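Residue-level structure breakdown
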Amino acid sequence: MPLSDTALRNAKPQDKPYKLYDAGGLFIIVTPGGGKWWRLKYRLGGKEKLLSLGTYPDTGLKEARVKRDEARKLIAQGIDPSAQRQAIKASFTSAEADSFEVVTREWFDKHVVNLAPSYAKKVRSLFERQIFPVVGAKPIAEVEPTDILNAARRIEQTGAIETAHRLIQICGQVFRYAIATGRTKYDVSTGLHAALPKVNVKHMAALTDKKRIGQLLRAIDAYGGFFPMRCALRLAPLLFVRPGELQKAEWAEFDLTAKEWRLPASKMKMRQRHIVQLSRQALGILAELQPYTGNGRFLFPSIRTDTKPISIESMLVAIRSMGFTKDEMTMHGFRGMASTLLNEMGYNRDWIERQLAHGERDHVRAAYNYAEHLPERRRMMQEWADYLDSLKTVD
């Protein structure tokens, strides 16, 4: 006699599992724990087999019968429904392994060591917010150029044109990785940059007027706030490193005997080691600072805790307090100031670029160029410090 919904609802667990039969090989097993499991018994190739069709009540009687009928159609064609299910599952597993998201995360895990932690976090967040929800589950070989372009255009519409271009650029790296690992044949991101507006490069404000630079240097020397902050601001024009590199400077990186600050690759934007030569003036500032913070990790610890460095924002606030607006000077502006004036002074462009720690396109050369032109750069850094001293006298 076929089953009914009432019989299924009223079936109570017993000490041992028992079966309630419907028709066409369909039955349900009631377990001692109260579970109710649908099964289909069938024969194929002279062998008796079972196929799971779900659990009750998630799979109701009507749905279980539909699944039974679909399976019996396959059996009538000589197809084993259990074997077919396993094949479909295996194909989905393979597709998932080659999905855009899986391949991207695989690429990311292999390349994150080459990215600054803050930048790596931004890249991961960009993909998780903007593209994985749309095409993440799609096999990478089936991703279309429009999939990537549409994601980039959504970002463009927010006004973040540079970020939109960055998304396409990184997608290109992912596709080239997928080609190398046999997951796809084409980089569908090629040429997509042309469909976006060009990025307007905005240069960081930097002082280049010698009179105004002299006023800034005198204002920094007269700064009466937090002493480590004053030292950081005094070193900024002398060393012209990136703001984050100055902010996170650690005493362990300084060899005062060799007159060098040796920054590890992990701290550098281009992930290359870097040496900053220390002029007499820079060494003098460090000698003043050492009794205050030399027993800690950071040269410029936060005023609240010595376990964290001062913030770049607090440096900017200090500069603003001296009367220099955001349109005149930023912390990054010390680099632009040094680059402009050193080039005007006739120094070799390679020396300047190396001291700015700009990236080297030739990766073989990049492996050793952190120490390139050291004697020349050492002389340039001392002459630069002397030149800044001379500007303090310009009215």
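In the block above lies the structure referred to throughout.
Residues numbered from 1 in each chain as written. Predicted model: local features only at pLDDT ≥ 70, side-chain atom pairs only at ≥ 80, totals over all residues. Heavy atoms only, no water.

So, on to the overall build of the chain. Each helix and strand counted, the chain has 17 helices and 7 strands in total. When each of the 395 residues of the chain is scored for burial, the buried share is 42%. Counting only contacts in the chain whose residues sit at least 6 apart along the sequence, the fraction spanning at least 24 positions is 60%. Looking at the chain as shown, the accessible area adds up to about 21,600 Å², and 53% of this sits on carbon and sulfur atoms. (Helix = DSSP H or I, 4+ residues; strand = E, 2+ residues; numbered from the N terminus. Buried < 20%, exposed > 50% of the residue type's maximum accessible area, 1.4 Å probe, protein only. Contact = heavy atoms within 4.5 Å. Areas by Shrake-Rupley, 256 points an atom, 1.4 Å probe, with all protein chains shown as cover.)

Under the definition given, this model contains 3 cavities of 30 Å³ or more. Put simply, the largest cavity is a space of about 70 Å³. Lining the largest cavity are Thr104, Arg105, Trp107, Phe108, Val123, Arg124, Phe127 and Phe132. The set of elements that each furnish at least two residues to the lining of the largest cavity consists of α4 (100-111) and α5 (117-130). Here the lining of the largest cavity is built from residues that sort into 5 nonpolar, 1 polar and 2 charged. (1 Å grid on protein atoms, 1.4 Å probe; cavity = no way out; pocket = protein on both sides within 12 Å on 5 of 7 lines; lining within 4 Å. Points joined across faces, edges and corners; volume = space filled by probe spheres on them. Nonpolar A, V, L, I, M, F, W, Y, C, P; charged D, E, K, R; others polar.)

Attention now moves to the pairing of strand β1 (residues 18-21). Where β1 lies against strand β2 (residues 26-30), 4 bridges are found, and the strand directions are antiparallel. Bridge pairing links Tyr18 to Val30 in β2. Counted between consecutive antiparallel strands, the loop separating β1 from β2 contains 4 residues, among which Gly24 sits at a positive phi close to 65 degrees. (Pairing = 2+ DSSP bridges.)

Another aspect to go through is the pairing of strand β4 (residues 47-55). Sheet analysis places strand β3 (residues 36-44) next to β4, joined by 7 bridges and oriented antiparallel. When the sheet's bridge partners are listed, Trp37 is paired in β4 with Thr55. Between β3 and β4, which pair antiparallel and follow one another directly, the connecting turn spans 2 residues, one of which, Gly45, has a positive phi of 65 degrees.

The end-to-end C-alpha distance of helix α2 (residues 61-76), which contains 16 residues, comes to 22 Å, matching closely the 22 Å that a straight helix rising 1.5 Å per residue would cover. Restricting attention to buried positions, one finds in α2 the residues Leu61, Ala64, Arg68, Ala71, Leu74 and Ile75. Each buried residue of α2 lies within a common arc of 140 degrees when the element is viewed along its axis, so the set occupies one face. Residues of α2 that are exposed and point over 90 degrees away from its buried face: Lys62, Lys73 and Ala76. Phi turns positive, to about 80 degrees, at Gly78, one or two residues after α2. (Expected span 1.5 Å × (residues − 1). Arc of directions from axis to C-beta.)

Taken in spatial order, the 3 strands make up an open sheet running β5-β6-β7, and their pairing is antiparallel. Of all the strands in the sheet, the pair left with one neighbour each is β5 (254-255) and β7 (274-277). In this sheet, strand β6 (residues 260-263) lies alongside β5 in antiparallel orientation, the contact comprising 2 bridges. Note that in β6 the partner of Asp255 across the bridge is Glu260.

This brings us to the environment of Ile140. Tracing the backbone shows Ile140 in the loop between α6 (132-135) and α7 (145-156). Looking at Ile140, the relative accessible area reads 1%, which means it is buried. Remark: the alpha-carbon pair of Ile140 and Ala97, spanning 43 residues in sequence, is separated by 9.7 Å. Here Ile140 is in contact with Asp98, Ser99, Phe100, Val103, Val174, Phe175, Ala178, Arg183 and Thr184, once residues within four sequence places are set aside.

Now for helix α9 (residues 210-221). With 12 residues, α9 ought to run about 16 Å at 1.5 Å a step, and its terminal C-alpha atoms sit 17 Å apart, in line with that. Listed as buried for α9 are Ile213, Gly214, Leu216, Leu217, Ala219 and Ile220. On its buried face, α9 is in contact with α10 (227-239), α14 (333-344) and α17 (374-391).

The next subject is the side chain of His274. You can see His274 is positioned in strand β7. Within the local environment of His274, its side chain forms a polar contact with the backbone oxygen of Gln355, the two atoms lying 3.3 Å apart. (Polar contact = N/O pair within 3.5 Å; in protein donor to acceptor, adjacent residues only side chain to side chain.)

Relative to the helices and strands, Gln355 is located in helix α15 (residues 349-355). According to the relative accessible area criterion, Gln355 is buried, its value standing at 1%. A distance of 3.4 Å separates a polar atom in the side chain of Gln355 from the backbone oxygen of Ile275.

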